[in-house]
Number of protein chains: 2
Amino acid sequence: MGAVSAVDRDRLPKQDRSRATRQRLLEAAVSCLAEHGWAGSTVSVVAERAGVSRGAAQHHFPTREDLFTAAVEYVAEERSRALRALFPQGAGGDRTAVVAALVDLYTGPMFRAALHLWVAASNEEQLRPRVTELEARVGRETHRIAVELLGADESVPGVRESVQGLLDMARGLGLANLLTDDGARRERVVAQWAGLLDEKLR
Amino acid sequence: MGAVSAVDRDRLPKQDRSRATRQRLLEAAVSCLAEHGWAGSTVSVVAERAGVSRGAAQHHFPTREDLFTAAVEYVAEERSRALRALFPQGAGGDRTAVVAALVDLYTGPMFRAALHLWVAASNEEQLRPRVTELEARVGRETHRIAVELLGADESVPGVRESVQGLLDMARGLGLANLLTDDGARRERVVAQWAGLLDEKLR
């Protein structure tokens, strides 16, 4: 997620410049949502943060809803990419490492941004259908990656639900980390649940 | 949480009337937070919803922060009471029923109100310390009730973390239920992890 400086930007062909502007807007939207929540996140605030004119921002994203659902979609893609990059040759059977990496997806500013969007969507009718659809898609994708990395055989009864419960736990740990640094406790919980899951998946 | 009608209210002695007004305000604050989120929840909106004058509301709760932290504290007490009421003679070893009851604490309007407050507190400096303290207290109390109802022996290594992970999963399931009715999936996940936990606690 490297930023593109103004000088570099001027050297890029038009299409690449447009793509770089879009990416800057998405990154600014994610930071803004994570730091200020939905109420404090408007297209103008994000445009200013990204160093982009309001007009240019609206060219890319006509409405606030367009901008923020695109931003969380972008987060979801970065999350998948980051998860795959951790285990480029597969996890090699180290389930504790996989569980720890999965849980890490739910802490940090990206989850925080997504959380603000979910909570806002629960009250904002304009946002709700798009965020619901996005969340379902992200959920399926995360589940698929988890099953693959854990080497889980979903034809065995209970395995699918075990993996789902693990991801629910990860989401709950993310929420517990919202107000305080919950890292030490989280590490012990992850070790314990990774063990329980490993016994089930063997 | 029965509402007190205006007629009944006039018949009550002054101290009881004051207590009833306070309770109406707390209940209105919880509904308001669950339905409209932090941005849409002010003392005036809550007072109107409760059928109480703004002055009377401010007599009970001088600031917005006072009102909403009291409201979530009230929710937490109701939650504990509801949980104990489910198993007045203890859970009698039925761990699946206990797990299902614990998870139920994290769905519905009370969890939704608390979630709005947590997310708001993550960006509102005035709210943050109070909500953090409240969340820690509620977390300890919920953990204590869970250990008691599950008949878990925390001197056994891993038991404490197993119970914590279960409550994290419950919180994650609550979050998953925010935008869509996730009840059918949740039931299967709960059954599966109740089984895994039961093996660990035996």
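- An unreviewed UniProt entry annotates chain A as TetR family transcriptional regulator of Streptomyces humidus.

**Here's the deal with the overall build of chain A**
Logical step 1: For chain A, the count of helices and strands is 10 helices and 0 strands.
Logical step 2: Shown N-terminal to C-terminal, the secondary structure of chain A runs as helices and strands in the order α-α-α-α-α-α-α-α-α-α.
Logical step 3: Taken along its principal axes, the extent of the C-alpha atoms in chain A is 55 × 40 × 35 Å.
Logical step 4: Approximately 9,400 Å² of chain A is accessible, and the part contributed by carbon and sulfur atoms is 50%.

**A look at the packing of helix 5 (residues 64–86) of chain B against helix 7 (residues 109–121) of chain B**
All names here are of chain B.
Logical step 1: Running from N to C, helix 5 and helix 7 point in directions that differ by 145 degrees, and their axes come no closer than 10 Å. Here helix 5 runs over helix 7; the crossing is left-handed. On helix 7, the residues touching Phe68, Thr69, Val72, Val75, Glu78 and Arg79 of helix 5 are Met110, Ala114 and Leu117.
Logical step 2: For the contact of helix 5 with helix 7, a count of residues per class yields 6 nonpolar, 1 polar and 2 charged.

**Thoughts on the UniProt feature "DNA-binding region" (unreviewed entry) in chain A**
Logical step 1: The feature "DNA-binding region" (unreviewed entry), as given by UniProt, occupies residues 42–61 of chain A in the numbering adopted here.
Logical step 2: Across residues 42–61 of chain A, helical content stands at 75% and strand content at 0%; the span's end C-alpha atoms are separated by 12 Å.

**Notes on the relation of the copies chain A and chain B**
Logical step 1: The transform that puts chain A on chain B rotates by 180 degrees and translates by 0.0 Å along the axis, for an RMSD of 0.0 Å. Such a turn and shift between the copies fits a two-fold axis.
Logical step 2: Looking at the interface residues of chain A, 98% of them are also at the interface in chain B, so both copies use one shared face.

**Looking at the interface of chain A and chain B**
Logical step 1: With 42 residues of chain A at the contact, the number on the chain B side is 41 residues.
Logical step 2: On the chain A side of the interface with chain B, the three residues burying the most area are Leu175(A), Leu179(A) and Trp193(A), jointly 20% of the side's total.
Logical step 3: Between the two partners, chain A and chain B, sit 4 salt bridges.
Logical step 4: Arg188(B) is the salt-bridge partner of Glu161(A), the closest N and O atoms lying 4.0 Å from each other.
Logical step 5: Across the contact surface, chain A and chain B share 14 residue pairs in polar contact (both at pLDDT 80 or more).

**What to know about the pattern of salt bridges**
Logical step 1: All told, the structure shown has 30 salt bridges over all chains when counted by the stated rule.
Logical step 2: Of the charged contacts in the structure, one is a salt bridge between Glu35(A) and Arg49(A), with a shortest N-O distance of 3.0 Å. One end of the pair, Glu35(A), is in helix 2 (residues 14–36); the other, Arg49(A), is in helix 3 (residues 43–50), and 14 residues separate them in sequence.
Logical step 3: Between Glu148(A) and Arg84(A) there is a salt bridge, with its nearest N and O atoms 3.7 Å apart. Of this pair, Glu148(A) sits in helix 8 (residues 128–150) while Arg84(A) is found in helix 5 (residues 64–86), placing the two residues 64 residues apart along the sequence.
Logical step 4: With relative accessibility at 35%, the residue Arg84(A) sits in the partly exposed group.
Logical step 5: What you see here is one network of salt bridges that share partners, running through Asp168(A), Arg171(A), Asp182(B) and Arg185(B).

**What about the packing of aromatic side chains?**
Residue and element names in this part refer to chain A.
Logical step 1: Considering all chains together, one arrives at 7 aromatic pairs over all chains under this definition.
Logical step 2: When the centroid spacing of 5.4 Å and the interplanar angle of 75 degrees are considered together, the rings of Trp38 and Phe68 count as edge-to-face. Placement of Trp38 in the loop between helix 2 and helix 3 and of Phe68 in helix 5 is noted, with a sequence separation of 30 residues between them.
Logical step 3: Trp38 sits in the buried class, given a relative accessible area of 8%.
Logical step 4: Counting every residue linked through ring pairs, the aromatic cluster contains Tyr106, Phe111 and Trp118.
Logical step 5: The ring of Tyr106 carries Arg79 above its face, with NZ or CZ at 4.8 Å from the centroid.

**Section: the confidence of the model for chain A**
Logical step 1: Per-residue pLDDT for chain A averages 88, and the proportion of residues at 70 or more is 95%.
Logical step 2: Confidence scores differ between elements of chain A, with helix 1 (residues 6–11) of chain A showing the lowest mean pLDDT of 59 and helix 3 of chain A the highest of 96.

**Looking at the environment of Ala100(A)**
Logical step 1: Locating Ala100(A) in the fold gives a position in helix 6 (residues 95–104).
Logical step 2: Along the primary structure Ala100(A) and Ala29(A) are separated by 71 residues, whereas in three dimensions their C-alpha atoms are 27 Å apart.

**Some words on the nonpolar core**
Logical step 1: Within the largest apolar cluster, 136 residues are counted, with the highest numbers of intra-cluster contacts made by Leu102(A), Leu115(A), Trp118(A), Leu150(A), Leu115(B), Trp118(B) and Leu150(B).
Logical step 2: Among all residues touching Leu102(A), those that are not within four sequence positions of it are Leu83(A), Ala146(A), Leu150(A), Leu166(A) and Leu167(A).

So, how was this worked out
- Residues numbered from 1 in each chain as written.
- Chains lettered and ligands numbered in written order.
- Predicted model: local features only at pLDDT ≥ 70, side-chain atom pairs only at ≥ 80, totals over all residues.
- Heavy atoms only, no water.
- Helix = DSSP H or I, 4+ residues; strand = E, 2+ residues; numbered from the N terminus.
- Areas by Shrake-Rupley, 256 points an atom, 1.4 Å probe, with all protein chains shown as cover.
- Axes fitted to C-alpha atoms, helices over the stretch in contact; angles between N-to-C directions.
- Left-handed = near helix turned anticlockwise from the far one by under 90°.
- Contact = heavy atoms within 4.5 Å.
- Nonpolar A, V, L, I, M, F, W, Y, C, P; charged D, E, K, R; others polar.
- UniProt positions renumbered as here; feature names shortened; annotations may be inferred.
- Least-squares fit on C-alpha atoms with pLDDT ≥ 70 in both.
- Buried area = accessible area lost by both parts, 1.4 Å probe.
- Salt bridge = Lys/Arg side-chain N within 4 Å of Asp/Glu carboxyl O.
- Polar contact = N/O pair within 3.5 Å; in protein donor to acceptor, adjacent residues only side chain to side chain.
- Buried < 20%, exposed > 50% of the residue type's maximum accessible area, 1.4 Å probe, protein only.
- Phe/Tyr/Trp six-rings, centres within 6.5 Å; stacked < 30°, edge-to-face > 60°.
- Lys NZ or Arg CZ within 6 Å of the ring centre and 35° of its normal.
- pLDDT = per-residue confidence, 0-100.
- Core = buried A, V, L, I, M, F, W, Y, C linked by side-chain atoms within 4.5 Å.

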